Amino acid sequence: MPQPVDVRDRIAPAVVAWFSDAARPLPWRAADVSPWAVLVSEFMLQQTQVARVQPRWEEWMRRWPTPAALAAEPASEAVRAWDRLGYPRRALWLHRAATEIVERHGGRVPRDLDALLALQGIGPYTARAIAAFAFGDRHPVVDTNTRRVIARAVDGRAEAGPPATARDLAAMDRLLPDEREAAHRFNAGAMELGATVCAARAPRCDACPIAELCAWRNAGYPAYDGPKRARQARFEGSDREARGLVMRELRATHRPVPRDVLAGLLADDARLARALDGLVADGLAVATADGFALPEA
DNA sequence: CTCCTGCGCC
DNA sequence: GGCGCTGGAG
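The shown structure was predicted, so the numbers you read here are calculated from the model rather than taken from an experiment. (Residues numbered from 1 in each chain as written. Chains lettered and ligands numbered in written order. Predicted model: local features only at pLDDT ≥ 70, side-chain atom pairs only at ≥ 80, totals over all residues. Heavy atoms only, no water.)

## Some words on the protein's contact with DNA strand B
Stated precisely, the cut-off is as follows: Any residue with a non-hydrogen atom lying within 4 Å of a molecule or strand is treated as near it. Two N or O atoms form a polar contact when they lie within 3.5 Å of each other; inside protein one atom must be a possible hydrogen donor and the other a possible acceptor, and for residues adjacent in sequence the pair counts only when both atoms belong to side chains. Lys, Arg, Asp and Glu make up the charged group, whereas Ala, Val, Leu, Ile, Met, Phe, Trp, Tyr, Cys and Pro make up the nonpolar group; the residues left over, Gly among them, are polar.
If you check the shell around DNA strand B, you find 27 residues, and the closest are Gln-47, Tyr-125, Thr-126, Arg-148 and Arg-231. By atom count, sugar and phosphate contribute 68% of the portion of DNA strand B lying within 4 Å of the protein. A distance of 2.6 Å separates a phosphate oxygen of DNA strand B from a polar side-chain atom of Thr-126. In the environment of DNA strand B, a sugar or linking oxygen lies 3.0 Å from a nitrogen or oxygen atom belonging to the side chain of Asp-143. Residues of the surface near DNA strand B, tallied by class, amount to 10 nonpolar, 11 polar and 6 charged.

See the structure below:
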């Protein structure tokens, strides 16, 4: 059962108060970081945990402190420096976004939501995260953690179910304080709560600042009855693994890698062929006379 | 095994 | 709305 409005209105203040003590001191949350630094962190954090992102982010900020600095280098360097963060298309997108920022916005990260959404690799989540966290503007920021917190605290369900962007944004907007700074802190605090306390597997309700307000807890933790999320396919032996192996090889050198060298990485030649096709289609690899290489453009 | 600050494209 | 995309940690 959903919460009555008066209970719902107590959620944000409680989360904001909790967050002022509980916030992890992540470097991209420091007061003096640039919007570009926030943007880079948001790209890296798409589907990737904080602990893995932090060292890569530090390196990137030292090497490319502005969009212009990154745009001045070939995309191959971005892919190389992405290292093993996973989903290497994000490195390509980030490089492209830097170029677009230089071309369209004079090298400054735009503040306007539609301008942000028009950049490569920036979708509904990342655009609002940048507007909210880098510029302090009031927008609902909804990631997988926030969706789970809302599902539990407001809707009384154990899981959020499949994403529905418009509905998710509206749900967060209803909880969001009017005042900018409070909205900013609630956006960040709700994500933090989902990441550190209201965890998917093992929620720590004893440490939760809104436990007494939580519809799911107050209903006795009913089991999730919605659509089951699809099982993630096995990674060993998958095409994903093959892509990763090829990319690791391409990143390790500045010269084209002959196809037979790549074939030595994989017993299954059909799998290699699919991986190469996919990587070329994604722009992550280019075929040359001497083999495959990272893209320079 | 499941989960992770999503996105672009079909 | 559904699918594919990486890799590591718990």
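Now that the structure has been shown, the text picks up again.
## Examining unusual backbone geometry
Put simply, the rule is: When a residue's accessible area, from a 1.4 Å probe over protein chains only, is under 20% of the maximum for its type it is buried; when over 50% it is exposed; and in between it is partly exposed.
Look at Asp-83: it is not a glycine, yet its phi comes out positive at around 55 degrees. Judged by relative accessible area, which is 31%, Asp-83 ranks as partly exposed. The phi dihedral of Tyr-221 falls on the positive side, at around 55 degrees, and the residue is not glycine. Overall, Tyr-221 belongs to the partly exposed group, its relative accessible area being 36%.

## Quick word on the pattern of salt bridges
Rules: By definition, a salt bridge exists where a carboxyl oxygen of Asp or Glu is found within 4 Å of a side-chain nitrogen of Lys or Arg. By the criteria applied, helices consist of DSSP H or I runs no shorter than four residues and strands consist of E runs no shorter than two, each listed in order from the N terminus.
On inspection of all chains with the given rule, the structure shows 18 salt bridges. When the shortest N-O distance is used, the salt bridge between Asp-269 and Arg-259 registers 3.0 Å. One end of the pair, Asp-269, is in helix H16 (residues 269-281); the other, Arg-259, is in helix H15 (residues 259-263), and 10 residues separate them in sequence. One salt-bridge network, held together by shared partners, links Arg-63, Glu-73, Glu-77 and Arg-80.

## Observations regarding the side chain of Arg-148
The test is simple: As used throughout, the charge tally considers Lys and Arg to be positive and Asp and Glu to be negative, leaving His and the chain termini uncounted. Only heavy atoms matter for contacts: two residues are in contact if any of them lie within 4.5 Å across the pair.
With respect to the helices and strands, the residue Arg-148 is situated in helix H10 (residues 144-153). Here Arg-148 occupies a buried position and makes no salt bridge, while the nearest side chain of opposite charge, Asp-143, is found at 7.4 Å. Once residues within four sequence positions are removed from consideration, Arg-148 is found in contact with Ala-158, Ala-160, Gly-194, Ala-195, Cys-198, Ala-199 and Ala-200.

## Some details on the packing of aromatic side chains
Aromatic ring pairs are described here by two measures, namely the spacing of the ring centres and the angle between the planes. Definition in use: Here the aromatic set is Phe, Tyr and Trp, taking the six-membered ring for Trp, and pairing holds for ring centres within 6.5 Å; pairs whose planes are under 30 degrees apart are stacked, those over 60 apart are edge-to-face, and all others are tilted.
Taken as a whole and assessed by the stated rule, the structure comprises 4 aromatic pairs. Judged by centre distance (5.8 Å) and plane angle (80 degrees), the rings of Trp-60 and Trp-82 are edge-to-face. A residue pair is termed long-range when its members are at least 10 positions apart, and Trp-60 in helix H4 (residues 50-63) and Trp-82 in helix H6 (residues 75-82) qualify at 22 residues. Just as Trp-60 is buried, Trp-82 falls in that class too. On the numbers, 4.8 Å between centres and 80 degrees between planes, the contact of Trp-216 with Tyr-221 is edge-to-face.

## Observations regarding the packing of helix H3 (residues 35-45) against helix H9 (residues 124-133)
Definition in use: Orientation is described by lines fitted to C-alpha atoms, with helices fitted over the stretch in contact, and by angles between N-to-C directions that extend from 0 to 180 degrees. Handedness of a helix crossing follows the sense of rotation of the near helix relative to the far helix, less than a right angle counterclockwise being left-handed and clockwise being right-handed.
In the contact formed by H3 and H9, the axes pass within 10 Å of each other and the chain directions differ by 150 degrees. Relative to H9, the crossing made by H3 is right-handed. Of H9, the residues touching H3 (which contributes Val-38, Leu-39 and Glu-42) are Tyr-125, Thr-126, Ala-129, Ile-130 and Phe-133. Tallied by class, the residues present in the contact of H3 with H9 amount to 6 nonpolar, 1 polar and 1 charged.

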